[in-house]
Amino acid sequence: MMRVDNFSVAFSGLAIVLSALIFVLSADFYHNEEKHISDYLAILVFTLCGAMIMFSFSNMAMLFLGIEILSISLYIMAGSKQHDVRSNEAGFKYFLMGSFASGFLLFGIALIYGATNSFHIGNIAAYVSAGQISPMFYVGMLMMLVAMLFKVAVVPFHFWSPDVYEGSPALVTAFMSTLVKIAAFGAFYRLFYLCFFDSLNYIVIILGVVTAATIILGNLVALSQTNFKRLLAYSGISHAGYLMLAVMSMKTGTASAIFYYASGYGIATIGSFAVAILVFKAMKSENIEAFNGLGKKNPFLAAALTMSMLSLAGIPPFAGFLGKYYIFSEAIKNGLFGLTITAIITSIIGVYYYFKVILAMYTKEADETSVQSNIAYTTIIIVCVSVSLLLGLFPDKLMNIF
Amino acid sequence: MIQYLFFALSALTIISALYVVFSRNPMHSVLSLIVCFFTVAGHYILLNAQFLAIVHIIVYAGAIMVLFLFTVMLLNLNRETEPHKTNWVKIAAVIAAGMLFLTLIASLKMAGLGTYSLPHKSNIGFIQDIGVKLFTDFMLPFEISTILFMSAMIGAVLLAKKEK
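It should be emphasised that the depicted structure is a prediction, and the values quoted were computed from it without experimental measurement.

Conventions and cut-offs
- Residues numbered from 1 in each chain as written.
- Chains lettered and ligands numbered in written order.
- Predicted model: local features only at pLDDT ≥ 70, side-chain atom pairs only at ≥ 80, totals over all residues.
- Heavy atoms only, no water.
- Helix = DSSP H or I, 4+ residues; strand = E, 2+ residues; numbered from the N terminus.
- Expected span 1.5 Å × (residues − 1).
- Contact = heavy atoms within 4.5 Å.
- Buried area = accessible area lost by both parts, 1.4 Å probe.
- Salt bridge = Lys/Arg side-chain N within 4 Å of Asp/Glu carboxyl O.
- Polar contact = N/O pair within 3.5 Å; in protein donor to acceptor, adjacent residues only side chain to side chain.
- Nonpolar A, V, L, I, M, F, W, Y, C, P; charged D, E, K, R; others polar.
- pLDDT = per-residue confidence, 0-100.
- Buried < 20%, exposed > 50% of the residue type's maximum accessible area, 1.4 Å probe, protein only.
- Domains from an automatic or database assignment.
- Phe/Tyr/Trp six-rings, centres within 6.5 Å; stacked < 30°, edge-to-face > 60°.
- Lys NZ or Arg CZ within 6 Å of the ring centre and 35° of its normal.

So, on to helix α14 (residues 319-333) of chain A. All names here are of chain A. The first and last C-alpha atoms of α14 sit 21 Å apart over 15 residues, in line with the 21 Å expected at 1.5 Å per residue. Elements in contact with the buried residues of α14: α10 (228-248), α11 (255-283), α13 (299-313), α15 (337-363), α16 (375-393) and α17 (396-399). Following α14 by one or two positions, G335 adopts a phi angle in the positive range, close to 80°.

Structure below.
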């Protein structure tokens, strides 16, 4: 039912670290809703549990349970601000779309069971490598692919993500764009690496089109965003595109590249959300204008956000740069030249929208409202920035796990 | 005999499912969904899965459809308040669903399904068999599903509790 290997241990460790960071941030975020803090933290731990099942499943039933535990907890978290219409909308939208995708996942599992007579990924992999694959199996695989693509939010299954990210409470958005995205990618890679590896050629065109569309559209649409959460949602979509590139080149075993990229991305995103939550609270606005003049008002927060943004944009010496480098070099090893060139060009375009935030902080005029940090947030921000710097300087520590 | 029963049930299932989608009146949709659930339960019985059939009727036709009916009545949905979809959405939906339909049909046509005889004398689908399976092979998923329900319950309290 579950198999513990290096992959699952490493990804579970990453998930635990990210959840711990969010956990520390949530004490202050929910300070005026003390009655709800226990429910909220319980659901956070349940989500982590679902993510860990997704990293170590060896049976389709466990995969489904893991995804459902993760998703149902998230529907609740997205809608957890009862009196905020946008939060309600986000929760409901996510719920409807997510259950539809779960339906696809179940239908796919059922068809694969019909073809292979097994839920166990080892048996299914044996069926695939034996040749003689029933067409029913391919349809099942396609449906599972659709469900997984929805969960990782890549084009054309991305429509829910900006709306849900924008409407949810900021901390939940941070949680969704880090832990949940990484959990979905972990399960995606594990499923296709351990189970469908030998029939990868069958879907490689689909994966290629999806990847190209994701990195192009994610980066281009992000250019015109004015809301910071929407900006990070589209940035998350483009990062999902780069991770898809690593999934596509799984023939050379890209688990460590995905792990390194996911660590860098998750840490940098949590760092930028920690700053953003403080700014949102002080300025009572979630637009990029809220960051105007932060460089003068609070140089520490501005510097931390700048470093996180540089890491997300993929500028050395931060982790984001090496993460992209590893993924691109793996993709070239697999002969995906066109996609890699597209990815490099779009990631240069992507630098522009990250710099929009940095420019707002340092070149725009400040107003009188002051932005204060507290001990918990300061600690987390320092941890995130220094970890993403250390990961960028000493990548071998993470790359040698697998 | 069983074959005729199967065809009759299948026809009924498809007709009622289509009526769910095409009916303009949400009340009729819900009622025909109940018919659809009952016919699916009939299919389960034909496959010798009595327990599944009973649970299906209790859970879906019983609990979930009552919820549906309440929601439809409370929201007072009718033809006038139905939101109008743009043509683009309709075209996109038709193309997407049509392609899925095509894929399914093509693959099932190629699959060349064999004939299966029903295991009349076996105990497959009996409650005892399912219980044994659940507490031996599928013990871990069975236990882990409690986390799912716990999370859903906490969520229901969190979302539905009235603020003072």
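Further notes follow.
The interface of chain A with chain B comprises 33 residues on the first partner and 27 residues on the second. For the chain A and chain B pair, buried surface summed over both sides reaches about 2,500 Å², with 82% attributable to carbon and sulfur atoms. Summed over the shared surface of chain A and chain B, the number is zero salt bridges. Scanning the region where chain A abuts chain B turns up one residue pair in polar contact (both at pLDDT 80 or more). Elements that contribute at least two residues to the side of chain A that touches chain B include exactly α2 (34-56), α3 (60-78), α4 (85-116) and α6 (135-152) of chain A. Its residues placed into classes, the side of chain A that touches chain B shows 22 nonpolar, eight polar and three charged.

With that out of the way, let us pick up the confidence of the model for chain B. Residues and elements named next belong to chain B. Summarising the model, chain B shows a mean pLDDT of 84, and 85% of its residues fall at 70 or more. The spread of mean pLDDT over the elements of chain B runs between helix α5 (residues 127-135), the lowest at 86, and helix α1 (residues 2-22), the highest at 92. The complex prediction reports pTM at 0.91, with the ipTM value standing at 0.86.

Moving on, we come to the pattern of salt bridges. All names here are of chain A. Summed over the entire model, instances satisfying the criterion amount to 12 salt bridges over all chains. Between E286 and K229 there is a salt bridge, and its shortest N-O distance comes to 3.2 Å. Remark: K229 occurs in helix α10 and E286 occurs in the loop between α11 and α12 (294-297); sequence separation between them is 57 residues. Accessibility expressed as a relative area gives 1% for K229, which makes it buried. A cluster of three or more residues bridged by salt bridges with shared partners is formed by R86, E89, K93, D163, E166, K229, R230 and E286.

With that settled, consider the domain arrangement of chain A. All names here are of chain A. On domain assignment, one finds that chain A holds domain 1 (1-197) and domain 2 (203-402). A C-alpha centroid distance of 21 Å is found between domain 1 and domain 2. Each partner contributes residues to the interface: domain 1 has 45 residues there, and domain 2 has 46 residues. At the junction of domain 1 and domain 2, the tally comes to three salt bridges. As a salt-bridge pair, E286 and R86 come within 3.8 Å of each other at their nearest N and O atoms. In this structure, the connection of domain 1 to domain 2 is made through 11 residue pairs in polar contact (both at pLDDT 80 or more). Of all the secondary-structure elements, those providing two or more residues to the side of domain 1 that touches domain 2 are α1 (6-29), α6, α7 (160-167) and α8 (170-194).

Residues and elements named next belong to chain A. Inspection of every chain in the model, using the stated rule, returns 31 aromatic pairs over all chains. Ring centres of F7 and F11 lie 4.6 Å apart, and the angle between their planes is 35°; on these two criteria the pair is classed as tilted. Of this pair, F7 and F11 both sit in helix α1, four residues apart, which is roughly one turn of the helix. Both residues of the pair, F7 and F11, belong to the buried class. Judged by centre distance (5.2 Å) and plane angle (75°), the ring pair of F192 and F196 falls under edge-to-face. You'll find F192 and F196 in the same group, each marked buried. Taken together through their ring pairs, the aromatic side chains of Y127, F137, Y138, F185, F188, F192, F196 and Y202 make up a single cluster. For R190, the ring lying beneath its charged end belongs to F57, and the centroid distance is 5.7 Å.

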